Amino acid sequence: MSEFLNSRAGTQFLYTCLAAIVLWGLAMVFMREIVDYLGTANGKGVAIALVMANVAGGVSIVYSLLRILDMKDEMLRRRDAERRADYIATHDHLTKLPNRYAFDRCKLAPNMRLDDASEPATDAPFATVYAIDLDGFKKVNDLMGHQGGDVLLKEVARRICALAEQDCVFRFGGDEFIAIGRHFSEAKEKRFAELLIQSITRPVRIGSLTAEVGASIGYARLPEHGATLAEVSHVADIALYEAKGRGPNNHVLFEPEMQAKVSRRAKLEGELRRAIDKGSIGAFYQPLVDLRSGDVCGFEALARWKNEDGEFVPPNVFIPLAEEAGLITPLFQQLLRQACEAARSWPEGMGLSFNLSPVQMEDRMLPTRVIGILDEVGFPPERLELEITENALVSDPDLAAHIMDSLSSRGVQIALDDFGTGYSNLSQLARFRFDKIKIDKSFVAACGTDERQEKVIRAMLGLSRSLHAKTTVEGIEDHRQLAHFVSQGCDLGQGYLLGRPMPAEDVLMYLSDRRQVLATG
């Protein structure tokens, strides 16, 4: 009732009722004067009319009161509906936590503290914002479905809420959460981050299965790192990005240098996008040599990029950047088309080796993209070899097997790259069919000097032979290494001793010079 009376409609109704009561009272008080004024003959009729008008006025007031009760119920229903709509707009439907919109509306008053009994330390920040991201959540979703993922998210939300203050935990969507701590000392900030990681990483029972995820945390302080919660959450995200770069289950406090690093990354990403649009990223070609005959049997295409400042950006910098920015597919298609066009001028039967990113092994359209480029350029699939790292097989083995089988059925060769450095196991090697296995250069550097490494290399070579796959040794840089792997029966070699990466226009000259050297030798 009070809400109605305080509203504009309620005020108008009160004034109307007041006016009706005043007029009614005046009519009753001055009825005789009114009758005398209108005339004795009509006095009785006028009195009757006044009485009827008063009765009608009373009935109207009673009716209005009943309508007020109805309006009160309607206003209560509308208020409840507005509150429900506001709740839906400001809360995550799955975990029931406040969402990003609620966080944007969140205001922290300077006198707010953890509890009334605890005095904040004078040197403690007013608030610490923790950006939390789950590591390995996608794998849980893939293995257990979205329902299993939902169960995991709700349990993670419960665990975070058990550690944090009430109404200071938010879910921003996906597997990203925000927690706010108030008046934490430096030691307590760090300890809180450690407790979050310990709690989140405990196994979660989902039906008959057990799921585990990691957690990366970046945190920043208000007002040291920003004047508002929005600013502090932004730099906490930057710290989170740094934490994820250091591996799973890490927590990092924001430092100003991280902002500069992110700015450089954003600048480099912009340059990379423009370079892909212009087609200015090219391929260099490194020879693959048959260790038995000494003949060049192919070349591996290696991406090379000179940025807008005229500096070469290493592949181990811009390739991961392209993967994160969603640019790896257009870059791959551009470079593969360029390499196939260059390889058409090579001697018949000479192969082209090309690296695949692990991200591309999650693309069901990959075989269609590869075959489409080969058909467009007119390059035989049998001369193309695609190199896949062990780590690319871990995320979705079924999809990886489908992609590899589709490519192999069209004649494309498949090589296992950097063998011995990833997460592969013997069961995976037995499941997938490889035409070639490449021994990583980290094993080459230790050949002849480390007995344990020697045993590992011999085991790799024996495994390759048993799988009927050729072996390529990367990183051969001196004659001792070359002689060693020739004696071990390796099939192919690659490294600076045998030939450095070169632009496409130098390949034919390299082959010609090599034939002349062999002829005169």
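Preceding this paragraph is the structure being described.
Quick summary incoming for the structure in this document. Residues take numbers from 1 onward in each chain, read along the sequence in its written order. With pLDDT at 70 or above as the cut-off, local features in this predicted model cover only qualifying residues; side-chain atom pairs require 80 or more to be listed or tallied, and sums for whole chains, interfaces and linings still use all residues. Side-chain metrics rest on all non-hydrogen atoms present in the structure, leaving aside hydrogens and water.

Time to look at the overall build of the protein chain. What counts as a helix is a DSSP run of H or I of at least four residues, what counts as a strand is a run of E of at least two, and both are numbered from the N terminus. Along the backbone of the protein chain there are 18 helices and 17 strands. Burial here depends on accessible area, computed with a 1.4 Å probe over protein chains only, as a share of the maximum for the residue type. Under 20% is buried, over 50% is exposed, and the range in between is partly exposed. Out of the 521 residues in the protein chain, the part that is buried amounts to 44%. Put simply, 68% of the contacts in the protein chain that link residues at least 6 apart link residues at least 24 apart. Note on areas: Shrake-Rupley, 1.4 Å probe, and residue coverage restricted to the protein chains presented here. For the protein chain, the accessible area works out to roughly 28,000 Å², and carbon and sulfur atoms hold 55% of it. The contact definition used throughout considers only heavy atoms, calling two residues in contact when any of these lie within 4.5 Å.

With that settled, consider the packing of helix H11 (residues 328–343) against helix H12 (residues 366–377). Angles here are taken between N-to-C directions and fall from 0 to 180 degrees, while the axes themselves are lines fitted to C-alpha atoms, restricted in helices to the stretch in contact. Packing of H11 against H12 brings their axes to within 10 Å, and their N-to-C directions diverge by 30°. The angle between the axes of H11 and H12 places the two elements in the roughly parallel class. The two elements H11 and H12 meet at a crossing, and its hand is right-handed. Listed contacts from H12 to Thr-329, Phe-332, Gln-333, Leu-336, Arg-337, Cys-340 and Glu-341 of H11 are Leu-366, Arg-369, Val-370, Ile-373, Leu-374, Glu-376 and Val-377. By definition in this entry, angles of less than 35 degrees are roughly parallel, angles greater than 145 are roughly antiparallel, angles of 65 to 115 are roughly perpendicular, and the rest are oblique. The handedness criterion is simple: a crossing whose near helix is rotated anticlockwise from the far helix by less than a right angle is left-handed, and one whose near helix is rotated clockwise is right-handed.

Quick look at the side chain of His-225 now. Mapped onto the elements, His-225 comes out in the loop between strand S6 (214–222) and helix H8 (229–245). The exposure class assigned to His-225 is buried, which follows from its relative accessible area of 16%. Beyond its immediate sequence surroundings of up to four residues, His-225 is in contact with Ala-220, Val-232, Val-235, Leu-253 and Phe-254.

It is worth spelling out the pairing of strand S1 (residues 127–135) at this point. Of all 9 residues making up S1, 9 are buried, and the element is well covered by its neighbours. Residues Ala-127, Val-129, Ala-131, Asp-133 and Asp-135 of S1 are buried on one face, and the alternating residues Thr-128, Tyr-130, Ile-132 and Leu-134, pointing to the opposite face, are buried as well. Each pair of strands is called paired provided DSSP finds at least two bridges between the two strands. Taken together, the 9 bridges between S1 and S6 define a ladder with antiparallel strand orientation. Counterpart to Tyr-130 in the pairing with S6 is Tyr-219.

Moving on: helix H16 (residues 451–466). Here a helix's expected span is defined as the number of its residues, less one, multiplied by 1.5 Å. Taking 1.5 Å per residue as the helical rise, H16 with its 16 residues ought to reach 22 Å, and the 23 Å between its terminal C-alpha atoms agrees with that figure. Among the residues making up H16, those that are buried are Glu-454, Ile-457, Met-460, Leu-461 and Ser-464. Down the axis, H16 shows its buried residues gathered within 120° of arc, on one side only. Relative to its buried face, H16 has exposed residues pointing more than 90 degrees away, namely Glu-451 and Arg-452. Lining the buried residues of H16 we find strand S13 (413–419), strand S14 (436–439), helix H15 (441–444), strand S15 (470–473) and helix H17 (479–487). Just downstream of H16 lies His-468, where phi reads positive at about 60°. Think of it as the arc spanned by the lines of direction from the helix axis to the C-beta atoms.

The 5 strands lie next to each other as S2-S3-S1-S6-S7, forming an open sheet whose pairing is mixed. Edge positions in the sheet fall to strand S2 (169–173) and strand S7 (251–253), since each of these pairs with one other strand and no more. Pairwise comparison of adjacent strand axes, ignoring direction, gives a mean angle of 20° for this sheet. In terms of strand pairing, S2 meets strand S3 (residues 176–182) through 4 bridges, oriented antiparallel. Looking across to S3, one finds that Val-169 is bridged to Ala-179. Contacts from helix H7 (residues 186–200) reach S1, S3, S6 and S7, with the element oriented near 155° to S6.

Turning next to unusual backbone geometry. Omega for the peptide link from Leu-222 to Pro-223 comes to 10°, which places this bond in the cis form. Relative to the assigned elements, Pro-223 resides in the loop between S6 and H8. The phi angle at His-183 is positive, at roughly 60°, despite the residue not being glycine. Looking at where His-183 falls in the secondary structure, it is placed in the loop between S3 and H7. With relative accessibility at 18%, the residue His-183 sits in the buried group. Phi angles above zero are rare outside glycine, and Asn-249 is one such case at about 60°. Checked against the element boundaries, Asn-249 lands in the loop between H8 and S7. Assessed through its relative accessible area of 37%, Asn-249 is described here as partly exposed.

The next thing to look at is the environment of Gly-207. Mapped onto the secondary structure, Gly-207 falls in the loop between strand S4 (204–206) and strand S5 (209–211). Through-space distance from the C-alpha of Gly-207 to that of Gly-148 is 8.4 Å; in sequence the pair is 59 residues apart.

One can describe the packing of helix H9 (residues 256–278) onto helix H10 (residues 315–324) by two numbers: an axis separation of 10 Å at closest approach and a directional angle of 85°. It follows that H9 is roughly perpendicular to H10 by the angle criterion. Listed contacts from H10 to Arg-265, Leu-268, Glu-269 and Leu-272 of H9 are Val-317, Phe-318, Leu-321, Ala-322 and Glu-324. Each residue gets one label: Ala, Val, Leu, Ile, Met, Phe, Trp, Tyr, Cys and Pro are nonpolar, Asp, Glu, Lys and Arg are charged, and the others, such as Gly, are polar. Class assignment for the residues of the contact of H9 with H10 results in 6 nonpolar, no polar and 3 charged.

Two rings belonging to Phe, Tyr or Trp (six-membered ring only in the last case) form a pair when the distance between their centres is within 6.5 Å. Interplanar angles under 30 degrees mark stacking, angles over 60 mark edge-to-face geometry, and anything in between is tilted. Evaluated as defined, the whole model comprises 11 aromatic pairs. Judged by centre distance (6.2 Å) and plane angle (75°), the ring pair of Phe-299 and Tyr-510 falls under edge-to-face. Residue Phe-299 is found in strand S9 (residues 296–306), and its partner Tyr-510 is found in helix H18 (residues 504–520); the two are separated by 211 residues along the sequence. For Phe-299, a relative accessible area of 0% gives the class buried. Judged by relative accessible area, which is 17%, Tyr-510 ranks as buried. Between Phe-332 and Phe-354, the ring centres sit 5.5 Å apart and the planes meet at 75°, which makes this aromatic pair edge-to-face. Of the two residues, Phe-332 sits in helix H11 while Phe-354 sits in strand S11 (residues 351–355), which places them 22 residues apart along the sequence. You can call Phe-354 buried: its relative accessible area is 6%. Put simply, the rings of Tyr-130, Phe-184, Phe-192 and Tyr-219 touch in pairs and so form one group of aromatic residues. Definition used: whenever NZ (Lys) or CZ (Arg) falls within 6 Å of the ring centre and also within 35 degrees of the ring normal, the charge is taken to sit over that ring. In this arrangement the basic side chain of Arg-500 is found over the ring face of Tyr-496, its NZ or CZ atom lying 4.0 Å from the centre.

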